[in-house]
Structures are given as C-alpha cells and as structure tokens.
Amino acid sequence: MSDKKITVVIVGMGFGKEFIPIYQSHPNIKEVGICTRNQETLDDLATRFNLNRDLCFTDFEDVPKRDDVDAIHVVTPVPEHAKMTLASLNAHKHTACTIPMAMTVEDCKAIVEAKKRVNKVYMMMETALYTREFLYGLNLAETGKLGKIQFVRGSHIQDMSMEGWAEYWKGFPPMLNGTHAISPLLRINNTKAETVVCHGSGRLSEDLAKRYGSPFAVETATFTLKHSDVVAEATRSLFDVVRQYRESYDVYGTRMSFEWEQLADEHHVIFPGGEDAERIEVPDTDELLIEPIKHFTKREKIDDPNHVSFLQGAGHGGSHPHLVQEFVAAIIEGRDSAVDAALAANYTCAGICAHESAMNGGKRITIPDFED
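Calculation notes
Residues numbered from 1 in each chain as written. Predicted model: local features only at pLDDT ≥ 70, side-chain atom pairs only at ≥ 80, totals over all residues. Heavy atoms only, no water. Helix = DSSP H or I, 4+ residues; strand = E, 2+ residues; numbered from the N terminus. Rg over C-alpha atoms; globule rule 2.2 N^0.38 Å. Buried < 20%, exposed > 50% of the residue type's maximum accessible area, 1.4 Å probe, protein only. Contact = heavy atoms within 4.5 Å. Expected span 1.5 Å × (residues − 1). Pairing = 2+ DSSP bridges. Right-handed = clockwise from strand over helix to strand, strands pointing away. Axes fitted to C-alpha atoms, helices over the stretch in contact; angles between N-to-C directions. Salt bridge = Lys/Arg side-chain N within 4 Å of Asp/Glu carboxyl O.

1. Some remarks on the overall build of the protein
And then number 1: Helix and strand content of the protein: 10 helices and 15 strands.
And then number 2: Computed over C-alpha atoms, the radius of gyration of the protein comes to 20 Å, within 12% of the 21 Å expected from 2.2 N^0.38 for 372 residues, which places it in the range of a compact globule.
And then number 3: Overall, the protein is about 60 × 45 × 40 Å in size when its C-alpha atoms are taken along their principal axes.
And then number 4: A burial count over the protein gives 58% of its 372 residues as buried.
And then number 5: Intrachain contacts of the protein at a sequence separation of at least 6 include 68% that bridge at least 24 residues.

2. What to know about helix H10 (residues 341-359)
And then number 1: In this model H10 runs 27 Å from its N-terminal to its C-terminal C-alpha over 19 residues, within 8% of the 27 Å that 1.5 Å per residue would give.
And then number 2: The first or second residue beyond H10 is Gly-361, which carries a positive phi of 70 degrees.

3. Quick look at the pairing of strand E6 (residues 122-125)
The side chains of a regular strand alternate between the sheet's two faces.
And then number 1: Judged by which residues are buried, E6 turns out to be covered on both faces: Tyr-122 and Met-124 on one side and Met-123 and Met-125 on the other are all buried.
And then number 2: Where strand E5 (residues 94-98) and E6 come together, four bridges link them in parallel fashion. Within E6, the position partnered with Cys-97 by the bridge is Met-124.
And then number 3: Between the parallel elements E5 and E6, the chain passes through helix H4 (residues 105-118) in a crossover that is right-handed.

4. Focus on the sheet that holds strand E1 (residues 6-11)
And then number 1: Pairing within the open sheet is parallel, and its six strands lie in the order E3-E2-E1-E4-E5-E6. What marks the edges here is a single partner per strand, and that holds for strand E3 (56-57) and E6.
And then number 2: Against the sheet, helix H3 (residues 81-90) touches E1, strand E4 (71-74), E5 and E6, its axis set at about 170 degrees to E5.

5. Examining the pattern of salt bridges
And then number 1: All told, the structure shown has 22 salt bridges when counted by the stated rule.
And then number 2: Note that Arg-37 and Glu-80 form a salt bridge whose closest N and O atoms lie 3.4 Å from each other. Placement of Arg-37 in the loop between strand E2 (29-35) and helix H2 (39-48) and of Glu-80 in the loop between E4 and H3 is noted, with a sequence separation of 43 residues between them.
And then number 3: Residue classification places Glu-80 among the buried residues on the basis of a relative accessible area of 16%.
And then number 4: Salt bridges linked by common partners bring Glu-167, Lys-170, Asp-207 and Arg-211 together as one network.

Here it is in structure tokens:
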C-alpha cells in the first residue's frame, strides 16, 4: 500500500457525518475536514471527532480555494450537486458526490467535460452498488453461478412524506433521481443504458404535482442495454403510494436467480433450479475491505440510526467504507474510479431520460453515452 496521504473535506453533515470516522481510519488520509452551514453541528462534530478547526467550514465557497485540500466529498441536497461538483473539479480537487450526479443532461455533460479537463478523480458515491446485497449478487454474476443473465428488475419505493425530508423533495419526479433503482441493473450486466421507454402511473395530489409540473405517483421504465440482449425494468415512487420502503434488484439467469426480499428482514431468495427456492441471509462484506475500515461495513456500525436516510435505507447496506476505499484508492493509484464521470452520467441520465419519456407519453428516448 502506498504511503501517500491526502486531505479530504466532507460537505454536508446529514448522513455525510457517517463518513468522518471512516476517512479518519483510512491509512492514506492525512486529515479530515467538514463543511456545514449549521455552526452548532460543526462545533459538535469538530469536538467529537477531534477535527482540525482550520479545516471546518460553514461556507462551501471557502473549501475549493484551499491549497491544502486534496479532495472534496459532496453529501448535500440534490439541487446543489452539479454546482458544488463543478466548483470542486474546476479548483482541481478530486471530487466525490452522492447521487445523483446532477438534475439535467447538460449539467452531467459539463461535469464529464470538467473531469476530463482537470484530470482529477471523480466518483459518484452510489450506495446501491456497494450494499452487501448487491455485492453478493454481483459475485454470483461474475463467478458464473447465475449463468447467462436473462432479465433484471429494480425498484425504489419510498414514502418521502415522512418527517425529516427536505422541502425540495415534495413532488420530486420519481425517475429524475432514479440511480438507486437503475445502476445495479446496469452494473450487474457490466454495461450502460442505451434507450428508455417510461410510463407514468397514477396521479399525485394537486399540491405535489404542481411543484415540478410532474403528475405521476409512479414511473416505470424499461431500458435497452448497450451490447446486450437483456432488457432492464425499473420502478420508482416517492409519494401517494403505500408500501414499506424498498430499494431492490432482482436478477434472473439460466443457472440461478436472485430475488430481493418482499418484506424487510424476511431474507432474500435464491432459486437454484427447478422449483427449488432458498431464503438466505446475505453476509457482511468486510473481507473486501482493508483492515482499518472493514468493521464499518457491519450492520451495527451506524452513528445516527435515527437519521431518516437510514430509517428508510437499511443503513445503506454497509456501503460507506466501500465507497471511501474506492475513492481513496483511485486517487492514490492515479486511476479512474469505479463510478467515473462518464459512467455516472449514463446512470444519472438514464433516470432523467426516463422521466422525459414518461412526460411524453412513453416516447423512446436515446440516453447519452458520454464516452462516444
């Protein structure tokens, strides 16, 4: 392992604070800073984690200006992602950002171009690609246990009327931020989305519908995949639909299939052949992590389990240390991250284009391929 060390500043202290001790425990991290508008939160976290006060900020604009900051990790509200990511990259900082990359195709393109221009690492920190459940299924695919994949399906159904979600979420078009439901389907097939047809279903209440001019309670999309005969299906809803939280993927192969549990904690299902079925408890993934941070993927390692993102997200499936490990490794090794800008743009634009299709009566939309 390289002895090179970097300084990272985490921006946004909602579930962003969960990353502080992970970065602090990583052997290639020199110092960890934070940025939050709330002075009380900043003071509390700076004390609790013994942070260098000179690397604690209440104004994001001060962060990219600092020569002693090597990397910025953005964990802020969705409307701020593109602006902050571009500010970070244009300041020649390695940049990580929670999902989605941006809210428009144009902003995704600008980020891809900025990343190429400055030649710094970019990584979209997609938790769904590093949950213990997805890594289990990915291993089944990569070791051939699934056989040939024939179909994949994902869903992200969430009640965002719960107290704790920011005001901007109200009426948010389902597929406009669809990466949790879409990216596992693309990654397990090792490809990108090529075209999409999406239909809206049902109607939101008038108050919610008028906020984004989007009437649908549910959006369901089917994607054709590049260099693949597999079609992927993804469904997402955020309001006016009653269901327990579900962020799932199913994969069907010629030798074996995997289905997400129907209810929380009843365990996922493997179909090994014929009419056989077996419920399994997916194991933790600590063996994939370097020693100093592997314990952070355990089910109990959540600092604030009452944060709404964790209450509805099952603790993000132990994904956080995997995200940190990959982002830091890409920087230290001088390579692209596993969810580099061009790939992240495809994952994000798949959802953006799906919503566009739904708003146009199911018109087929070609999804940009930013590596063409």
